[in-house]
Amino acid sequence: MGRADASQPIIVSRDLTKRFGGRAGLTALDRISLDVREGEFVALLGPSGCGKSTFLRCLAGLEQPTEGELLFDGRPIQGPPQGLGIAFQRDALLDWFDVLQNVLLPAEFGGLRVRDHEPRARELLRMVGLQDFAHVYPSALSGGMRQRVAICRSLLLEPRLLLMDEPFGALDAMTRDQLNADLHRIWADRRMTTLFVTHSITEAVFLSTRVVVFSPRPGRVAENVVLDLPAHRTLALREEPEFLRYARGFRALFETMGLIHG
Amino acid sequence: MSRAGRILLPLLGAVLFLLAWEVAVRILGVRPIMLPPPSAILHELSTAPLWFAEQAVYTTLITLAGFAMAAVLGVAFSILIVEWAVLERILFPLFVALNSVPKVAVAPLFIIWFGTGSEPKIAIAFLIAVFAVVIDSALGLRSVPADTLDLARALHGSRFKVLVRIKLYCALPHIFAGLKVAMSLALVGAIVGEFVSSGRGLGYVILTAQGQFDTARVFAAIAILGVLGVVLIGALDVVERYALPWRHRVAPGSGH
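As the structure is a prediction and not an experimental result, all values here were calculated from the model.

Chemist: Before we move on, can you summarise the overall build of chain A with the specific residues and values?
Modeler: When its secondary structure is counted, chain A shows 8 helices and 10 strands. If one aligns the C-alpha atoms of chain A with their principal axes, the spans along those axes are about 50 × 40 × 35 Å. Scored against the burial criterion, the 262 residues of chain A give a buried share of 54%. Expressed as a percentage of contacts within chain A between residues at least 6 apart in sequence, the contacts between residues at least 24 apart total 68%. Summed over its atoms, the accessible surface of chain A is roughly 11,200 Å², and 49% of this surface lies on carbon and sulfur atoms.

Given below as structure tokens:
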């Protein structure tokens, strides 16, 4: 696989349209055009049912676009691309494997030698504070710990593209804050290209270098904002004026879209 | 519940049931030929314990053989129909139709085919038991959450790996539920087989004792069958606990 030129976007979406249920069916995505460059952290922000998850699933090769073009490294996405890391809202851990085996799943399913990847798996677990839980079954972990394991799993093979579909959506506020901080630290460290679906304005602004707002039914790109915020962030950033300015802006946009009423 | 409570409470239930039975039969003066008291049944068992044991072992072996066949072939068949939709369309309606034929009605045919040895009895036990295994394991193999399958696809998991690393594990609790039903049904099948033609086994004991109006002996055989059922299902419970450690223990026993 030839690495794309740095100036070349890693993801190109041109007029991507996705309809479910034939011609008269539901249009989930309507002519989405979006470029993502290597190393960006793009939040896909929008209300439930705006198609942002569908867009992510198209990128993951789990759905085929109805019309338009979707390229990864300059090539159309036909199935799940190589070099993909993925995390869902439900952690999708396998209950019958221990934590370490779960983290190693991408190596096992990718047909690689699992043993070679064990040091890396243990390093990832250490990074999220789960080094002592390597041989524990997921059922013994809290929701936040499980989602950490899922993130380690998504990072095992050093993905070029990390897709996260509301990974913290089911967590309580405090755990969510912690995982936001953890994820930012990991991303700031290795700068893997990340697309992160969320409906939380705070989460989107805190984590990303760029926020793409989707409008609901059919999903369209309503706004595309590159954030001018420091590269290294702590949770305290969320009280800074520039952070609040962005958050207020997105909230105002949601209000004009009729999604929230103040 | 404590370990002692798990064993003692059901035992207490059984003892109370037997006591009530004994008292009721004595107070109401029921004729032993209609319903003997538990004490008479116990006495019957104590007259020839080894002979009863021999019959019980024979029936147990028939049951286990039929059950084992049902378990192996049932799970294999469910994998085939779940993995290949075409096979399901071709075979499943046929399977349901065959299962709808009363096995008791086919039993005499098996005597013609397999003779009067153990084979026809095992075949009947298998036939009666296999349906439960197929239905439950097919359900289990299909119970994998959608995002788990998405994950497997995104990780380029081969079909074989998805089957043995995800689907089969996911199906295990369902498979065990099916196996427990199958075990009881295999026991029924073994008795049916022995009813039709046999010189051994608890079914044979019941049939011959009935012919002699030896009600106590009929009940003795039935009592053994009851205990046998509990023991066989209990054994499956133990196997299940070892087969699904993640449901019962916090961490695997040994590192790797």
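Past the structure itself, the notes keep going.
Chemist: Describe in detail the packing of aromatic side chains, supporting the description with residues and values.
Modeler: When we look at a pair of aromatic rings, we describe it by the centre distance and by the angle of the planes. Applying the stated criterion to the full structure yields 18 aromatic pairs over all chains. Here Phe-97 of chain A and Tyr-169 of chain B contribute two aromatic rings whose centre-to-centre distance is 5.4 Å and whose plane-to-plane angle is 70°, an arrangement assigned as edge-to-face. Within this pair, whereas Phe-97 of chain A is found in the loop between β6 (84-87) and α2 (99-103), its partner Tyr-169 of chain B is found in helix α8 (residues 159-196), the two belonging to separate chains. Overall, Phe-97 of chain A belongs to the buried group, its relative accessible area being 7%. Taken together, Phe-41, Phe-168, Trp-187 and Phe-196 of chain A form an aromatic cluster joined through their ring pairs.

Chemist: Describe the layout of surface pockets, naming the residues involved and giving the relevant values.
Modeler: Residues and elements named next belong to chain B. Estimates place the volume of the largest pocket at around 1,100 Å³. Along the wall of the largest pocket there are 29 residues; nearest its centre are Pro-10, Leu-11, Ala-14, Val-227 and Val-230. Contributing elements (two or more residues each) for the lining of the largest pocket: α1 (3-28), α2 (38-47) and α10 (215-243). Per-element accounting of the lining of the largest pocket gives the leading share, 14 residues, to α10. Partitioning the lining of the largest pocket into residue classes produces 22 nonpolar, 3 polar and 4 charged.

Chemist: Would you mind going over the pairing of strand β4 (residues 67-72) of chain A in detail, with residue names and values included?
Modeler: Residues and elements named next belong to chain A. Pairing between strand β1 (residues 11-20) and β4: 5 bridges, direction antiparallel. The partner of Val-12 across the bridge, within β4, is Leu-71. Pairing geometry for β4 and strand β5 (residues 75-76), over 2 bridges, is antiparallel. Following the sheet pairing, Phe-72 is matched in β5 by Arg-75. Connecting β4 to the next strand, β5, in antiparallel fashion are 2 residues, including Asp-73 with a positive phi near 55°.

Chemist: So what's going on with the sheet that holds β4 of chain A? Residues and values would help.
Modeler: In any sheet, the strands associate via hydrogen bonds between backbone groups, in a parallel or an antiparallel arrangement. Overall, antiparallel pairing links the 4 strands, which are arranged β2-β1-β4-β5 (chain A) in an open sheet. If you trace the sheet from one side to the other, it starts and ends with β2 (26-36) and β5 of chain A, each paired once.

Chemist: So, the side chain of Asp-165 of chain A: which residues are in play, and what are the values?
Modeler: Considering the arrangement of structural elements, one finds Asp-165 of chain A in strand β7 (residues 161-165). The charged side chain of Asp-165 of chain A is buried without a salt bridge, its nearest counter-charge being Arg-57 of chain A at 6.3 Å.

Chemist: Quick rundown of the packing of helix α7 (residues 146-154) of chain B against α8 of chain B? Include the residues and the values.
Modeler: Pairs of packed helices are described in terms of their axes, by the angle between the two and the distance that separates them. All names here are of chain B. Between α7 and α8, the shortest axis-to-axis distance is 12 Å and the interhelical angle comes to 155°. As far as their axial angle goes, α8 and α7 are roughly antiparallel. Judged by the twist between their axes, the crossing of α7 over α8 is right-handed. On α8, the residues that touch Thr-148, Leu-149 and Ala-152 of α7 are Val-162, Ile-166 and Lys-167. Looking at side-chain class alone, the contact of α7 with α8 contains 4 nonpolar, 1 polar and 1 charged residues.

Chemist: Hey, could you go over the interface of chain B and chain A for me, with residue numbers and the actual values?
Modeler: At the interface, 24 residues of chain B touch 29 residues of chain A. For the pairing of chain B and chain A, the buried interface totals around 2,600 Å² over both sides, and the portion due to carbon and sulfur atoms is 65%. At the junction of chain B with chain A, the criterion picks out 3 salt bridges. A salt bridge links Asp-147 of chain B to Arg-90 of chain A, with the shortest nitrogen-to-oxygen separation between them at 3.0 Å. Between the two partners, chain B and chain A, sit 8 residue pairs in polar contact (both at pLDDT 80 or more).

What counts, and where the lines are drawn
Residues numbered from 1 in each chain as written. Chains lettered and ligands numbered in written order. Predicted model: local features only at pLDDT ≥ 70, side-chain atom pairs only at ≥ 80, totals over all residues. Heavy atoms only, no water. Helix = DSSP H or I, 4+ residues; strand = E, 2+ residues; numbered from the N terminus. Buried < 20%, exposed > 50% of the residue type's maximum accessible area, 1.4 Å probe, protein only. Contact = heavy atoms within 4.5 Å. Areas by Shrake-Rupley, 256 points an atom, 1.4 Å probe, with all protein chains shown as cover. Phe/Tyr/Trp six-rings, centres within 6.5 Å; stacked < 30°, edge-to-face > 60°. 1 Å grid on protein atoms, 1.4 Å probe; cavity = no way out; pocket = protein on both sides within 12 Å on 5 of 7 lines; lining within 4 Å. Points joined across faces, edges and corners; volume = space filled by probe spheres on them. Nonpolar A, V, L, I, M, F, W, Y, C, P; charged D, E, K, R; others polar. Pairing = 2+ DSSP bridges. Lys, Arg positive; Asp, Glu negative; His and termini not counted. Salt bridge = Lys/Arg side-chain N within 4 Å of Asp/Glu carboxyl O. Axes fitted to C-alpha atoms, helices over the stretch in contact; angles between N-to-C directions. Parallel < 35°, antiparallel > 145°, perpendicular 65-115°, else oblique. Left-handed = near helix turned anticlockwise from the far one by under 90°. Buried area = accessible area lost by both parts, 1.4 Å probe. Polar contact = N/O pair within 3.5 Å; in protein donor to acceptor, adjacent residues only side chain to side chain.

Remember that the coordinates give geometry; whether it matters functionally is a separate question.
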